[in-house]
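Fold and geometry: a report
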Amino acid sequence: MLFIVIASLGLVAAREFSWFGVFAISTVLAVALGVEGAIHDRTILKVLHRDWEVIVTFQSAYVAHIVWDAYGPRLMARLGR
C-alpha cells in the first residue's frame, strides 16, 4: 500500500513540480521514513533499504509520467492504425 501511495504522489508531482522539486519531495519522504524507522527501533540497514525503495518508486513514477506525456500520443496513434 505504501508504494501505491508513493507512486501516486510521484504522478501528481510530475504535473506540478520540476525535477528539483521531485528530488526535494523524495528526500523529505526518505527522512520521514528514517525517523519512523528510528522510532520503531529498526536497524539502519532496514531503514536505508526502505528509503531507497521509496525514492526509486517516487522518481520512477515521475519519469514514467514524463515519458508517457512525450511519447504516449505517438504510441497510441501507431497502435490505432
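Residues numbered from 1 in each chain as written. Predicted model: local features only at pLDDT ≥ 70, side-chain atom pairs only at ≥ 80, totals over all residues. Heavy atoms only, no water.

Broken down by element type, the chain carries three helices and zero strands. Secondary structure elements of the chain occur, N-terminal to C-terminal, as α-α-α. Here the chain holds 81 residues, and the buried ones make up 26% of them. Expressed as a percentage of contacts within the chain between residues at least 6 apart in sequence, the contacts between residues at least 24 apart total 73%. About 6,000 Å² of surface is accessible on the chain, with carbon and sulfur atoms providing 71% of the total. (Helix = DSSP H or I, 4+ residues; strand = E, 2+ residues; numbered from the N terminus. Buried < 20%, exposed > 50% of the residue type's maximum accessible area, 1.4 Å probe, protein only. Contact = heavy atoms within 4.5 Å. Areas by Shrake-Rupley, 256 points an atom, 1.4 Å probe, with all protein chains shown as cover.)

The next point concerns a nonpolar patch on the surface. Together, Trp 68, Leu 75, Met 76 and Leu 79 line one region of the surface with nonpolar side chains, adding up to about 440 Å² of accessible area. Using a relative accessible area of 47% as the deciding quantity, one classes Met 76 as partly exposed. (Patch = residues over 30% accessible without salt bridge, like charges linked within 9 Å, V, L, I, M, F, W, Y side chains within 5 Å. Salt bridge = Lys/Arg side-chain N within 4 Å of Asp/Glu carboxyl O.)

In helix H3 (residues 44–79), a bend of some 55 degrees at Tyr 71 exceeds every other bend along the element, and Pro 73, a proline, comes one to four places later. Burial in H3 covers these residues: Val 47, Asp 51, Val 54, Thr 57, Phe 58, Gln 59, Ala 61, Tyr 62, His 65 and Gly 72. (Bend = angle between axes of the 7 residues up to and from the residue.)

Locating Val 35 in the fold gives a position in helix H2 (residues 19–39). Linking Val 35 and Val 47, residues twelve residues apart in sequence, is a C-alpha distance of 8.9 Å.

Okay, the confidence of the model for the chain next. When pLDDT is averaged along the chain, the result is 77, and 86% of the positions lie at 70 or above. Here helix H1 (residues 2–16) stands out as the element of the chain with the lowest mean pLDDT, 70, in contrast to H3, whose mean of 82 is the highest. (pLDDT = per-residue confidence, 0-100.)

By secondary structure assignment, the location of Gly 37 is in helix H2. Judged by relative accessible area, Gly 37 falls into the buried class, the value being 1%. For the pair Gly 37 and Leu 48, spaced eleven residues apart in sequence, the C-alpha to C-alpha distance is 9.2 Å. Gly 37 has contacts with Arg 42 and Val 47, leaving out every residue within four places of it along the chain.

Okay, the environment of Trp 52 next. Along the chain, the position of Trp 52 falls in helix H3. Once the C-alpha coordinates of Trp 52 and Ala 30 are considered, the two residues, 22 residues apart in sequence, prove to be 7.7 Å apart.

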